[in-house]
Amino acid sequence: MTEIEEKLKKQKKIRSRVKKRITELLTFYSDVPVKDIKIYRSLIEHLAFIDVMLQEYQEDILVNGFQVKYQNGRYQSGLKRNESVDLFKKWYSERLSDSERLKKLLYGEEKELDDGFDDFINS
């Protein structure tokens, strides 16, 4: 399989996982009026994408570790921090703030909601 075919296969798999996660998130918000879901659907889709990418970063960290080898030219090589570590931290923080914002938009301040994020990221 060529590199392009592998990338396309991985892309298709990620898109499928995002679609599945969108469906899961929509079930958590099933008590919200459909018109509100339509208004904020793009935010829900964004959260689903972040959830899947967080799993990707987490898997990369588990497989490759916190440091990865690099090769800059013939004589420059060594270890550098795995970029997935920084991306995971950044996206995790963004995920928490975006989910809190969505909760406030859909329910106001008073409702506690568990959107299954912890179970999803640990699956």
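Use the structure listed above.
Each chain carries its own residue numbering, running from 1 in the direction its sequence is written. Reporting of local features is limited, given that this is a predicted model, to residues whose pLDDT is at least 70; pairs of side-chain atoms are given and counted only at 80 or more, and all residues count toward the totals for whole chains, interfaces and linings. To obtain the side-chain values, all non-hydrogen atoms of the structure were included, while hydrogens and water were left out.

**Describing the overall build of the chain**
Under the convention used in this document: Segments assigned H or I by DSSP are reported as helices when at least four residues long, segments assigned E as strands when at least two residues long, and all are numbered from the N terminus. Under the scheme applied here, a residue whose accessible area is under 20% of the maximum for its type counts as buried, over 50% as exposed, and between as partly exposed, the area being computed with a 1.4 Å probe on protein chains only. Should any heavy atoms of two residues lie within 4.5 Å, those residues are counted as being in contact. Note that accessible areas follow from Shrake-Rupley with a 1.4 Å probe, and for residues the cover is restricted to the protein chains shown. Residues scored as charged are limited to Lys and Arg (positive) and Asp and Glu (negative), so that His and the chain ends carry no count. Note on charges: their place is set at NZ of Lys, CZ of Arg, CG of Asp or CD of Glu.
Secondary structure summary: the chain contains four helices and two strands in total. Each helix (α) and strand (β) of the chain, taken in turn from the N terminus, gives the series α-α-β-β-α-α. The principal-axis extent of the C-alpha atoms belonging to the chain is close to 60 × 30 × 25 Å. For the chain, the proportion of its 123 residues judged to be buried stands at 32%. Long-range pairs, those at least 24 residues apart, make up 65% of the contacts in the chain with a sequence separation of at least 6. If you sum the accessible surface of the chain, you get close to 8,800 Å²; carbon and sulfur atoms cover 53% of it. Considering the chain, the positive charge centre built from 24 side chains and the negative charge centre built from 23 side chains are found 6 Å apart.

**So, the packing of helix H2 (residues 34-64) against helix H3 (residues 83-107)**
Condition: Only the stretch in contact is used when fitting a helix axis, every axis being a line fitted to C-alpha atoms; angles between N-to-C directions are given from 0 to 180 degrees. The scheme is simple: roughly parallel for angles under 35 degrees, roughly antiparallel for over 145, roughly perpendicular for 65 to 115, oblique for anything else. Crossings are sorted by hand: turned counterclockwise from the far helix by less than a right angle, the near helix makes the crossing left-handed, and turned clockwise it makes it right-handed. Note on residue classes: Ala, Val, Leu, Ile, Met, Phe, Trp, Tyr, Cys and Pro are nonpolar, Asp, Glu, Lys and Arg are charged, and everything else, Gly too, is polar.
Between H2 and H3, the shortest axis-to-axis distance is 9 Å and the interhelical angle comes to 155°. With respect to each other, H2 and H3 are oriented roughly antiparallel. In this structure, H2 meets H3 at a crossing whose hand is left-handed. Taken together, the residues of the contact of H2 with H3 break down into 18 nonpolar, four polar and seven charged.

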